[in-house]
Each structure stands twice: as structure tokens, then as C-alpha cells.
Amino acid sequence: MKKRVFLPVLGLMWVLALVPTMMFSTDLSAQNEELQRRRDERNRLIEEQKQQVRDQAGEVYLRFFSAVEQNRAAHVKAMLKQGVDVESVDAYGTPALLVAARSGNNEVVEALLD
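Quick caveat: nothing in here was measured; it's all calculated off a predicted structure.

### Quick look at the nonpolar core
Thought 1: Counting residues in each nonpolar core, the largest one holds 14 residues, and the members touching the most others are F64, V68, V76, A96, A100, V108 and L112.
Thought 2: Among the elements that line this core, the one with the most residues is helix α1 (residues 2-69), at four residues.
Thought 3: With sequence-adjacent residues up to four places away left out, F64 is seen in contact with V76, M79, L80, V84, D85, S88, A96 and L112.

### Section: the packing of helix α2 (residues 73-81) against helix α4 (residues 106-113)
Thought 1: Two elements in contact, α2 and α4, have axes whose closest approach is 9 Å; the angle formed by their N-to-C orientations is 15°. As far as their axial angle goes, α4 and α2 are roughly parallel. Here α2 runs over α4; the crossing is right-handed. Touching A73, V76, K77 and L80 of α2 are E107, V108, A111 and L112, all from α4.

### Observations regarding the pattern of salt bridges
Thought 1: One pass over the structure, following the stated rule, counts four salt bridges.
Thought 2: Between R38 and E34 there is a salt bridge, and its shortest N-O distance comes to 3.1 Å. Here the residue R38 and the residue E34 both occupy positions in helix α1, the gap between them amounting to four residues, near one helical turn.
Thought 3: Its relative accessible area of 29% is what places E34 among the partly exposed residues.
Thought 4: Of the charged contacts, one joins E48 and R44 as a salt bridge, the two residues approaching to 2.4 Å between their closest N and O atoms. One end of the pair, E48, and the other, R44, are both in helix α1, four residues apart, so they sit about a helical turn from each other.
Thought 5: On the basis of relative accessible area, E48 is assigned to the partly exposed category, the value being 39%.
Thought 6: A residue is classified by how much of its surface remains accessible, and R44, at 38% relative accessible area, is partly exposed.

### A closer look at the side chain of S88
Thought 1: Residue position: S88 is located in the loop between α2 and α3 (96-103).
Thought 2: With a relative accessible area of 8%, S88 lands in the buried category.
Thought 3: The residues touching S88, leaving out its near neighbours within four places in the chain, are Y61, F64, F65, T94, P95 and A96.

### Topic: α4
Thought 1: Taken together, the buried positions of α4 are occupied by V108, V109, A111 and L112. Looking straight down α4, one finds its buried side chains confined to an arc of 160°; they lie on one side. In α4, the exposed positions that point more than 90 degrees away from the buried face belong to N106, E107, E110 and L113.

### Side note on the side chain of N105
Thought 1: Tracing the backbone through its elements, the reader meets N105 in the loop between α3 and α4.
Thought 2: Excluding residues that lie within four positions of it along the chain, N105 makes contacts with V68, E69, Q70, N71 and A100.

### What to know about unusual backbone geometry
Thought 1: Despite not being glycine, N71 shows a phi value in the positive range, around 60°.
Thought 2: Locating N71 in the fold gives a position in the loop between α1 and α2.
Thought 3: Taking the relative accessible area as the measure of exposure, N71 reaches 30% and is therefore partly exposed.

What counts, and at which threshold
Residues numbered from 1 in each chain as written. Predicted model: local features only at pLDDT ≥ 70, side-chain atom pairs only at ≥ 80, totals over all residues. Heavy atoms only, no water. Core = buried A, V, L, I, M, F, W, Y, C linked by side-chain atoms within 4.5 Å. Buried < 20%, exposed > 50% of the residue type's maximum accessible area, 1.4 Å probe, protein only. Helix = DSSP H or I, 4+ residues; strand = E, 2+ residues; numbered from the N terminus. Contact = heavy atoms within 4.5 Å. Axes fitted to C-alpha atoms, helices over the stretch in contact; angles between N-to-C directions. Parallel < 35°, antiparallel > 145°, perpendicular 65-115°, else oblique. Left-handed = near helix turned anticlockwise from the far one by under 90°. Salt bridge = Lys/Arg side-chain N within 4 Å of Asp/Glu carboxyl O. Arc of directions from axis to C-beta.

This is the structure we're talking about:
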């Protein structure tokens, strides 16, 4: 008689052992979804910040090439001191030195060569 009682109890123990595992896996799934949502949000914010930096850099270089074309040597020198790359190119791939030379801006050419 003890054997008959033992087998159903053993089966019940297995079922009870699986229930917390199933509940735990459901909790993990919810946690993983939350983590993924947070990662997606973080990545979206990082991409927005990168785009803002790109936009700001584009504006700086746009002003730089405008100064090169308009022979504003003082502005060009100031921007070079602030870290604008002397070897930068415009939207067509033309280097600043070539833009200045084509425009006949000797002062700017000298500033770019210094």
C-alpha cells in the first residue's frame, strides 16, 4: 500500500517542481522585453544625439566654406584655430584650398597653407 501512495506523491512533486519554473520563465520573458525596450530607447536617444552633432558639424563646415569663398581670411583663420580641418572638402568633394584658389582668394590660400 505504501508504494501506491508514494507514486502519486512523487508525480505531484514533479508537477509542483515545474510550476515555479514555468512562472519563472514567464517572469524572465517579461524582464527580457523590458530590457529590450530600454535598449531600444537608449539606442534611439544616442542616434538622435549623433545626428545633432552631425548637423552642428555640417553648419560649421558650411560657414567655413562660405568664408573661404567670400575671402574672409580672418574668419577662416579663427575657424582653423577652433579645430576645423584644413583638409575638409565641400559637398562636391572639393578641398577648401582649391575652392579658395579658384575664387582668387590669395589671403585665404595663405591662411590655409599656414
